[in-house]
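Chain residues, written in single-letter form:
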Amino acid sequence: MNIKRFRMISRVSSVLLKMFTVFSIILVVLGLYIITFGDGNFWFTYSGPSIPLFSTGGSSEGVGITDAEEKLASMIIVPLTVVASSFVLLKGSQIFTWLSKGETPFSEKFANTIKRLSLVLIIFDLLIPIIYYSLLSLISVDGYHYTIGFGSAFIIGIILFIVSEIFKYGIELQYLADETV
């Protein structure tokens, strides 16, 4: 691959990730403003994990969880998810910036950054549903609901974790080759 083209693609990717971060933060702030000071026709939604492993729920008086309770729990959890997603996007942007400046991906700093990013994705994807459904069950007057599972962020995190280990293996091979010469 042409090095100049690779650096240009990395630079563009870095800028796009920063733009997505700013855009998502602006949307959440605007949404919170509309919810707080607007007419009340706007709300956040949270759909839960895309691959549920375990789901349970119920109520004691047959009312269950209301829409207002779901809206309140979503209003609390969506900004938290945007903060975590913004961190991931900014770290991804930082990685692409390093590559656009000509840094090698076969460095400890690069491999460790990818590994940390993968762990954030994995933990984030496992914890957010637990926090949301715990919060929803706590808010609810009559009812509870829990869905435990994972989504695409978990799978991407696992893949990035493996990629970081491949980079670390490449670093070791490079070190051994340098010592042999």
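Heads up: these notes are all about the structure in this document.

Scoring rules and cut-offs
- Along each chain, residues carry numbers from 1 onward, in the same order as the chain's sequence is written.
- Only residues with pLDDT of 70 or above have their local features reported here, since the model is predicted, and side-chain atom pairs are shown and tallied only from 80 upward, although totals for entire chains, interfaces and linings are computed over all residues.
- Computation of side-chain values: all heavy atoms of the structure, hydrogens and water removed.
- Between 30 and 60 degrees the pair is tilted, below 30 it is stacked and above 60 it is edge-to-face, where a pair is any two Phe, Tyr or Trp rings, Trp via its six-membered ring, whose centres lie within 6.5 Å.
- The numbering of helices and of strands both runs from the N terminus, where a helix is a DSSP run of H or I of at least 4 residues and a strand a run of E of at least 2.
- Residue exposure (1.4 Å probe, protein chains only): buried if accessible area is under 20% of the type maximum, exposed if over 50%, otherwise partly exposed.
- Any Lys NZ or Arg CZ that is within 6 Å of a ring centre and within 35 degrees of that ring's normal is treated as a charge sitting over the ring.
- For a helix, the expected span equals 1.5 Å multiplied by the residue count minus one.
- Each salt bridge in this description consists of a side-chain nitrogen of Lys or Arg and a carboxyl oxygen of Asp or Glu lying within 4 Å of one another.

**A word on the packing of aromatic side chains**
- Tallied over the entire structure, the rule returns 8 aromatic pairs.
- When the ring of F110 is compared with that of F167, the centres are 5.3 Å apart and the planes differ by 90 degrees; the resulting orientation is edge-to-face. Highlighted residues: F110 in helix 3 (residues 108–139) and F167 in helix 4 (residues 152–180), separated in sequence by 57 residues. A single burial state applies to F110 and to F167, both of which are buried.
- An angle of 45 degrees between the planes, with centres 4.9 Å apart, marks the rings of F150 and F154 as tilted.
- Site record: aromatic cluster; members linked through ring pairs are Y46, Y132 and Y133.
- Above the ring of W43, the side-chain terminus of K71 is found at 3.9 Å from the ring centroid.
- Its end group placed over the ring of W98, K109 keeps NZ or CZ at 4.4 Å from the ring centre.

**Some remarks on helix 4**
- For helix 4, which comprises 29 residues, the first-to-last C-alpha distance of 42 Å matches the rise-based estimate of 42 Å (1.5 Å per residue) to within 8%.
- By the burial criterion, the buried members of helix 4 are A153, F154, G157, S164, F167, K168, G170 and I171.

**Some points on the pattern of salt bridges**
- Scanning all chains against the criterion turns up 2 salt bridges.
- A salt bridge links K109 to E103; its shortest N-O distance comes to 3.6 Å.
- Since its relative accessible area comes to 34%, E103 is described here as partly exposed.
- Two residues, K115 and E165, come together in a salt bridge whose shortest N-O distance is 3.2 Å. Here the residue K115 occupies a position in helix 3, and E165 occupies one in helix 4, the gap between them amounting to 50 residues.

The analysis is restricted to geometry; functional conclusions fall outside its scope.
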